[in-house]
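# Commentary on secondary and tertiary structure
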Amino acid sequence: MTQTSQRPLRVLAAMSGGVDSAVAAARAAEAGHDVTGVHLALSANPQSFRTGARGCCTIEDSRDARRAADVIGIPFYVWDLAERFREDVVEDFIAEYEAGRTPNPCLRCNEKIKFAALLDKALALGFDAVCTGHYATVVTLEDGSRELHRASDMAKDQSYVLGVLDERQLAHAMFPLGDTLTTKDEIRAEAERRGLAVAKKPDSHDICFIADGDTQGFLASRLGASEGDIVDEAGAKVGTHEGAFGFTIGQRKGLRIGHPAPDGKPRYVLDISPVNNTVTVGPAEALDVTSLTAIRPRWCGAAPAGPGVYTAQLRAHGGETAVTARPEGDGLRVDFEEPVRGVAPGQAIVLYDGTRVVGSATISATRRAAAMA
């Protein structure tokens, strides 16, 4: 098993304006590749997105990316993908919450924007690969096929949000930071040595297209406030809310329930029903999930022919859990070795075989331990 070929390639480096993508572009250029930098304009009005360094969609970010490209000594362009981003990421995000599901917009952006719209355009223009600052590793096997693996440094691993990439996309993906056993401080020090002004720029976080970080307010402005009931497992009303879309499975804070549970223990969101605008709450143990079904599986290579034992990751910064997974029709059935909590429809489940990413799917339904009693 060898790393991706190091022959000189024509590389399009996606530069967000942050330190990771700048160092990735610099490393690709230093390795001898013919690199061109590109910043993706993802908003028709970037000033309406984040200010400062919290996102990746501001005018400031495009300027930071341009300055980094100038220092590296590579050509630089800004590509307008705002309409595609609005349709495939922002509208999808709103629709998923409206349906009572919990989406991952970063994963959708990687699938639909960076490794679909951007990659397709790059290939049409004669580029060999798209380079990003993600922490993950592409490995080329002796037969020429590719595998996606976790980053060498698990603390920075981002393979979860890349689990939607298929083998064709992996064949044109480059992640220069993936095999680096360095801390983020060392990446920043490298940026400083290279003269990149983004060396001390804070990391982006939260959702880039929600300007103030208020997800519930963002959704309310698009979907409208709609008062409904918060009920317990028996169906008794225990409070009200201003829109079921403002809740996620497993949520504890912000429920504003007027009186405590009979046992005095905290209550969590167990279910969200957009049809009757009802949120159901209950004890933590009622969140224990023993199995799930998932739809739209995407495999990083050949699809499994039958049941297999893997580990699974259920959120971007979550741990791994042992599972048995099997294809069922056009979907996937996953059984957990031990019950897990906080699993919500709409989330992605990513399967691993050791460090190798097997594939990803979108959770459609869960089965809870309490329901089996």
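Rules and cut-offs
- Residues numbered from 1 in each chain as written.
- Predicted model: local features only at pLDDT ≥ 70, side-chain atom pairs only at ≥ 80, totals over all residues.
- Heavy atoms only, no water.
- Core = buried A, V, L, I, M, F, W, Y, C linked by side-chain atoms within 4.5 Å.
- Buried < 20%, exposed > 50% of the residue type's maximum accessible area, 1.4 Å probe, protein only.
- Helix = DSSP H or I, 4+ residues; strand = E, 2+ residues; numbered from the N terminus.
- Domains from an automatic or database assignment.
- Contact = heavy atoms within 4.5 Å.
- UniProt positions renumbered as here; feature names shortened; annotations may be inferred.
- Polar contact = N/O pair within 3.5 Å; in protein donor to acceptor, adjacent residues only side chain to side chain.
- Pairing = 2+ DSSP bridges.
- Axes fitted to C-alpha atoms, helices over the stretch in contact; angles between N-to-C directions.
- Phe/Tyr/Trp six-rings, centres within 6.5 Å; stacked < 30°, edge-to-face > 60°.
- Lys NZ or Arg CZ within 6 Å of the ring centre and 35° of its normal.

### Describing the nonpolar core
- Among the nonpolar cores identified, the biggest contains 45 residues, and F85, F93, L148, F175 and F209 are the most heavily contacted of them.
- Taken together, the elements giving at least two residues each to this core come down to β2 (10-14), β3 (34-41), α3 (82-98), α4 (105-124), β6 (136-140), α7 (215-223) and β17 (348-353).
- Per-domain counts for this core show at least three residues from each of domain 1 (3-200) and domain 3 (288-368).
- By size, the runner-up hydrophobic cluster in this structure holds 26 residues, among which are A13, A65, I74 and L196.

### Notes on the side chain of S291
- Tracing the backbone shows S291 in strand β13 (residues 289-299).
- Classification of S291 as buried rests on a relative accessible area of 5%.
- Ignoring anything within four residues of it in the chain, the contact list for S291 reads R333, V334, D335, F336, T366 and R367.

### Section: the UniProt feature "binding site: ATP" (unreviewed entry) in the chain
- Within the UniProt annotation, "binding site: ATP" (unreviewed entry) is assigned to A14, M15, S16, G17, G18, V19, D20, S21, L40 and G133.
- For M15, the location among the structural elements is in the loop between β2 and α1 (19-30).
- With a relative accessible area of 3%, M15 lands in the buried category.
- If we ignore the near neighbours within four places in the chain, the residues touching M15 are S21, A22, A25, G37, V38, H39, A65, A68, A69, I72, I74 and F76.
- By the secondary structure assignment, S21 is in helix α1.
- Setting aside anything within four residues of it in sequence, one finds S21 in contact with A14, M15, S16 and G133.
- At 3.4 Å, the side chain of S21 and the backbone oxygen of G18 are in polar contact.

### Some points on the sheet that holds strand β5 (residues 129-131)
- Strands sit in the order β4-β3-β2-β5-β8 across an open sheet of five strands; the sheet is parallel. Every other strand in the sheet has two partners, leaving β4 (76-80) and β8 (173-174) as the edge strands with one partner each.
- Note: β5 against β8, two bridges, orientation parallel. Counted as the bridge partner of V130 is A173 from β8.
- Along the sheet, α4 makes contact with β2, β3, β4, β5 and β8, crossing β5 at roughly 135°.

### With respect to the packing of aromatic side chains
- Inspection of every chain in the model, using the stated rule, returns six aromatic pairs.
- An aromatic cluster is present here, built from F85, F93, Y97, F209 and F218 joined pairwise through their rings.
- Between R10 and the ring centre of F127, over which it is positioned, the NZ or CZ distance is 4.3 Å.

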